[in-house]
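Examining the three-dimensional arrangement
Each chain is listed here by its residues.
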Amino acid sequence: LMSHEVWSTLFLFAVSLFWIKIIEGLVKRDRVSVELSRKAIHVGIGVLFVMCWSVFDVHCYSCRYLAALVPLSVVIKFLAICLGVLKDPITVKMLCRDGENHPQQLLLGPLIFT
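Below is a short write-up of the structure. (Residues numbered from 1 in each chain as written. Predicted model: local features only at pLDDT ≥ 70, side-chain atom pairs only at ≥ 80, totals over all residues. Heavy atoms only, no water.)

Here we look at the environment of Phe 78
Within the secondary structure, Phe 78 is located in helix 3 (residues 63-82). Residues Phe 78 and Thr 91 lie 13 residues apart in sequence; the distance between their C-alpha atoms is 8.8 Å. (Helix = DSSP H or I, 4+ residues; strand = E, 2+ residues; numbered from the N terminus.)

As structure tokens, then:
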């Protein structure tokens, strides 16, 4: 049986993935611009991440590390895309600032803001 903390982490992953997939679907169908998709991803994930903190036990010291796995996994995915290990043109299209689809731009935000 998995602990409450593990379920909370899985819930946070699921909520984050759900939001990304919604935006990804809109981008694939050209329903939103690249600029809007990038902002929707950043703002939406941030708000959802903070809202999901309440599912973690406030007395659990290790929960902060479990919750940190979610943004860490995104940075690892971006690194894999930049190194050419993973091909994900939709993520590159959604999150590149200049519309030129340079995967190296994916690491710009995490490197500047962390």
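Remarks on the packing of aromatic side chains
Tallied over the full model, the rule gives two aromatic pairs. Relative to Trp 53, the ring of Phe 49 has its centre 5.9 Å away and its plane inclined at 75 degrees; by these criteria the two rings are edge-to-face. Pairing Tyr 61 with Tyr 65 gives two aromatic rings, centres 5.9 Å apart and planes at 70 degrees, and the pair type is edge-to-face. Look at Tyr 61 and you get exposed, because its relative accessible area is 55%. Residue class for Tyr 65 comes out partly exposed when judged on its relative accessible area of 48%. (Phe/Tyr/Trp six-rings, centres within 6.5 Å; stacked < 30°, edge-to-face > 60°. Buried < 20%, exposed > 50% of the residue type's maximum accessible area, 1.4 Å probe, protein only.)

Here's the deal with the state of the cysteines
Enumeration over the complete set of coordinates arrives at one disulfide. Sulfur-sulfur distance for the disulfide between Cys 60 and Cys 63 comes to 2.5 Å. On the sign convention where negative means left-handed, the S-S torsion of about 95 degrees between Cys 60 and Cys 63 marks this disulfide as right-handed. Residues Cys 60 and Cys 63 agree in their burial class; the two are buried. (Disulfide = S-S within 2.5 Å.)

Notes on helix 3
The end-to-end C-alpha separation of helix 3 is 29 Å, in line with the 28 Å expected for 20 residues at 1.5 Å each. The largest bend along helix 3 measures about 30 degrees and falls at Val 70, with the proline Pro 71 one to four residues further on. Every buried residue belonging to helix 3 is among Cys 63, Ala 67, Val 70, Phe 78, Ala 80, Ile 81 and Cys 82, and all of these are buried. At the exit of helix 3 stands Gly 84, carrying a positive phi of roughly 85 degrees. (Expected span 1.5 Å × (residues − 1). Bend = angle between axes of the 7 residues up to and from the residue.)

Let's talk about helix 1 (residues 4-28)
Think of an α-helix as turning once every 3.6 residues; residues three or four places apart then point the same way. Taking 1.5 Å per residue as the helical rise, helix 1 with its 25 residues ought to reach 36 Å, and the 36 Å between its terminal C-alpha atoms agrees with that figure. Restricting attention to buried positions, one finds in helix 1 the residues Glu 5, Ser 8, Thr 9, Leu 12, Val 15, Ser 16, Ile 23, Glu 24, Gly 25 and Val 27. On the buried face of helix 1, the contacting elements are helix 2 (34-52), helix 3 and helix 4 (89-95). Of the residues flanking the end of helix 1, it is Asp 30, one or two places downstream, whose phi is positive at about 55 degrees. (Contact = heavy atoms within 4.5 Å.)

Keep in mind these values describe shape, not function.
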